[in-house]
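Residue-level structural notes
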Amino acid sequence: MLKFMKGFLKENRKIAVANFILTILLVLMFQHIMGQRREYIDTSREPDKTENSITIEGENVFLQQVVCEKDTIDGIMVLGEMETGIVGTVSVQVFEESGKLLAQATQQLRTDGDYTMIQFGESISGCTGKKLELVLCSYSGEAIELKSGICEGVLDNEGVNACIKLVYQTLDVRLYKISVYLCGGILWLALSVCLVILQKKNGKPEYLFAFLYFFLGILYMFINPLYAIPDEAAHFERIYGISEGYFISEGPDGGIGTGSRLPENLLYGNRGASMKIMDIFDGKDVKLSDKKVFMDYWASALYSPFTYTAQVLGVMVGKLFSSKIFFIAYCGRFAAWMAAGCILFLAIRYIPFGKHILVAVSLLPMNLHEAISLAGDTFTFAVSVAFFICIVFAVYEERYNGYKRICSFIRFVIFYCILQDCLCTFVHVGISDTGGTVWVQEELY
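Remember, it's a predicted structure, so these values are computed and weren't measured experimentally.

The next thing to look at is the overall build of the protein. Of the regular secondary structure elements, the protein holds 12 helices and 14 strands. Buried positions account for 40% of the 445 residues belonging to the protein. At a minimum sequence separation of 6, the contacts of the protein that also span at least 24 residues come to 77%. Total accessible area computed for the protein in this model is approximately 24600 Å², and 62% of it derives from carbon and sulfur atoms.

Structure follows, in structure tokens:
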């Protein structure tokens, strides 16, 4: 094996040098990104902020009731601010409904307008579904303004709530870095060895692409859980709507609009960019509600149904086997990822030139990032590439005569235009319930 590696490195010196440089750049980039983060936190949902504030000063305290969604609490995060030049310290105590003190801690308030992390000395366990009472006061006596907010179901204080997030779990960033570097290094080495062997056995670019697309896709799928990719929640609403027959989105009272009637808990657990894989595991057993409500997903309502062909098929198959929300969503993700990969594999196989360039472009981080999501960007990219390569293949293949080339070109153009709706304009016109104002939304494909 060692002799084989030496021979390969000697024959492929440029590849080895490029791989080494890329490895150094990846390590430096990751070190920079990790250096910007002090800790990785699993928190409760973000409360809706308002312009009001709650002042605590001297012996004045603020009581906040909270309902826990998970088993443990490591601390809380409080959004507050101080006057310029004044430094204040927030003190918090946590009580059970019976009045038993569970934890207490103090922390100097941040001065940049961001949340202040107040971590307890020891975690509180057995908290799922329990109602706890937080007592906040100014430890140093100065006036502290707590930003107020409302978050139904999690914070309950008779309509008066501070912007407090429960910290369910904190991760030791040093241990996390070591784990990521170790696992990343092993993965990088394993991939490099597999690529060397694959290159030696069968150096066809399409097989190299399939290998990298599969393993990197799994990695991206794990690192970017559901909803963590921008606008994925809106895409999921549109996809589920199409799977229910809403090819053209509706309005609240029927007709054409920017949404449709969907299960009320379709977006259960959605925390946007704050989503972590542990959130997926926590909600893996949650099923779709039988109650349907109107959901407005204007950001994706005008997308062509064809854009979501693979995702819709995946969601429909998922619904046949289960009513669990995350299972259905991941079926859509998996279908889109596999469909785009298969199309690109065939495109790389049949393109008469530039195979390695197409492999490199198809494996760009942004493409992989979108490929494992519910967005339709990578599927559209794959179909566009396939369309282009069909034309190139028809023109360059020697067995085609001029007549067949023209017919093939026309056939592919018509096929592509119909499916991708290149020549169609989706115009949604609706009349508002008040004033009769007409509004128009349109998007070209």
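Within this model, the second largest pocket holds a volume of roughly 520 Å³. What lines the second largest pocket is a set of 20 residues, and nearest its centre among them are Arg45, Glu69, Tyr268, Gly269 and Asn270. Within the residue set of the lining of the second largest pocket, elements represented by two or more residues are strand 1 (40-43) and helix 6 (277-282). Among the residues making up the lining of the second largest pocket, the classes are represented as 6 nonpolar, 6 polar and 8 charged.

Right, let's get into the sheet that holds strand 8 (residues 131-138). Spatially, the 4 strands line up as an open sheet ordered 3-8-5-6, and their pairing is antiparallel. The two strands at the open ends of the sheet, each matched to only one other strand, are strand 3 (61-67) and strand 6 (101-108). Recorded for the sheet is a direction-independent mean angle of 20° between the axes of neighbouring strands.

Another aspect to go through is the packing of helix 5 (residues 232-243) against helix 7 (residues 309-321). Where helix 5 contacts helix 7, the axes come no closer than 9 Å and their chain directions differ by 70°. Between helix 5 and helix 7, the angle falls in the class roughly perpendicular. Helix 7 is crossed by helix 5, and the crossing has right-handed handedness. Along its contact with helix 5, which presents Phe236, Ile239, Tyr240, Ile242 and Ser243, the element helix 7 presents Gln311, Val312, Val315, Met316 and Lys319.

Between side chains of opposite charge, a pair can form as their charged atoms come close. Counted according to the given criterion, the structure contains 6 salt bridges. Between Lys319 and Glu244 there is a salt bridge, and its shortest N-O distance comes to 2.5 Å. One end of the pair, Lys319, is in helix 7; the other, Glu244, is in the loop between helix 5 and strand 11 (259-263), and 75 residues separate them in sequence. Look at Lys319 and you get partly exposed, because its relative accessible area is 25%. Three or more residues are tied together by salt bridges with common partners; here these are Glu244, Lys292 and Lys319.

Right, let's get into helix 4 (residues 205-223). The terminal C-alpha atoms of helix 4, which comprises 19 residues, lie 26 Å apart, in line with the 27 Å expected from a rise of 1.5 Å per residue. Inspection of helix 4 places Pro205, Glu206, Leu208, Phe209, Phe211, Leu212, Tyr213, Gly217 and Met221 among the buried residues, and these make up the whole buried set.

The tally for this structure, following the rule as stated, stands at 11 aromatic pairs. Between Tyr268 and Phe326, the aromatic rings sit 6.4 Å apart at their centres with planes inclined by 50°, giving tilted as the arrangement. Here Phe326 lies in helix 8 (residues 325-350) and Tyr268 lies in the loop between strand 11 and helix 6, a separation of 58 residues in the sequence. Tyr268 gets classed as partly exposed once you look at its relative accessible area, which sits at 39%. Owing to a relative accessible area of 4%, Phe326 belongs among the buried residues under this scheme. Its end group placed over the ring of Tyr115, Lys165 keeps NZ or CZ at 4.5 Å from the ring centre. Its guanidinium or amino end placed over the ring of Tyr240, Lys319 lies 4.6 Å from that ring's centre, counting from NZ or CZ.

Of all 8 residues that make up strand 8, 6 are buried, and the element is covered over most of its length. Relative to strand 8, strand 5 (residues 89-95) runs antiparallel, the two being bridged by 6 bridges. Across the sheet, the residue bridging to Val94 is Leu134, located in strand 8.

Turning to the side chain of Thr307, a few remarks are in order. Assignment of secondary structure puts Thr307 in the loop between strand 12 (292-296) and helix 7. Exposure remark for Thr307: the relative accessible area of 5% places this residue in the buried category.

Here is what the cut-offs are and how they apply
- Each chain carries its own residue numbering, running from 1 in the written order of its sequence.
- Only residues with pLDDT of 70 or above have their local features reported here, since the model is predicted, and side-chain atom pairs are shown and tallied only from 80 upward, although totals for entire chains, interfaces and linings are computed over all residues.
- Side-chain figures throughout are based on the complete set of non-hydrogen atoms in the structure, without hydrogens or water.
- Runs of H or I in DSSP of at least four residues are treated as helices and runs of E of at least two as strands, each being numbered from the N terminus.
- In this scheme, a residue with accessible area under 20% of its type's maximum is buried, one over 50% is exposed, and one in between is partly exposed, where area comes from a 1.4 Å probe on protein chains only.
- In what follows, residue pairs with any heavy atoms lying within 4.5 Å of each other are defined as contacts.
- Note on areas: these come from Shrake-Rupley sampling with a 1.4 Å probe, and a residue is covered only by the protein chains present in the view.
- Cavity and pocket criteria rest on a 1 Å grid covering protein atoms alone: a 1.4 Å probe that fits but cannot get out defines a cavity, protein on both sides within 12 Å along at least 5 of 7 lines defines an open pocket, and an atom within 4 Å of a point defines a lining residue.
- Grid points are joined across faces, edges and corners, and a volume is the space filled by probe spheres set on the points.
- Residues are grouped as follows: Ala, Val, Leu, Ile, Met, Phe, Trp, Tyr, Cys and Pro are nonpolar; Asp, Glu, Lys and Arg are charged; every other residue, Gly included, is polar.
- Pairing between strands requires that DSSP locate at least two bridges from one strand to the other.
- Fitting a line to C-alpha atoms yields each axis, with helices limited to the stretch in contact; the angle taken between N-to-C directions then spans 0 to 180 degrees.
- The labels follow the angle: roughly parallel below 35 degrees, roughly antiparallel above 145, roughly perpendicular from 65 to 115, and oblique for the rest.
- A crossing counts as left-handed when the near helix is turned anticlockwise from the far one by less than a right angle, and as right-handed when that turn is clockwise.
- The salt bridge definition used is simple: a Lys or Arg side-chain nitrogen within 4 Å of an Asp or Glu carboxyl oxygen.
- Expected helix span is taken as 1.5 Å per residue step, with the number of steps being one fewer than the number of residues.
- Note on aromatic pairs: the rings of Phe, Tyr and Trp (six-membered ring only in Trp) are paired at centre separations within 6.5 Å, and the planes decide the class, stacked below 30 degrees, edge-to-face beyond 60, tilted for the rest.
- Over a ring means this: the NZ of a Lys or the CZ of an Arg is within 6 Å of the ring centre and within 35 degrees of the ring normal.

Spatial relationships are all this shows, so hold off on functional conclusions.
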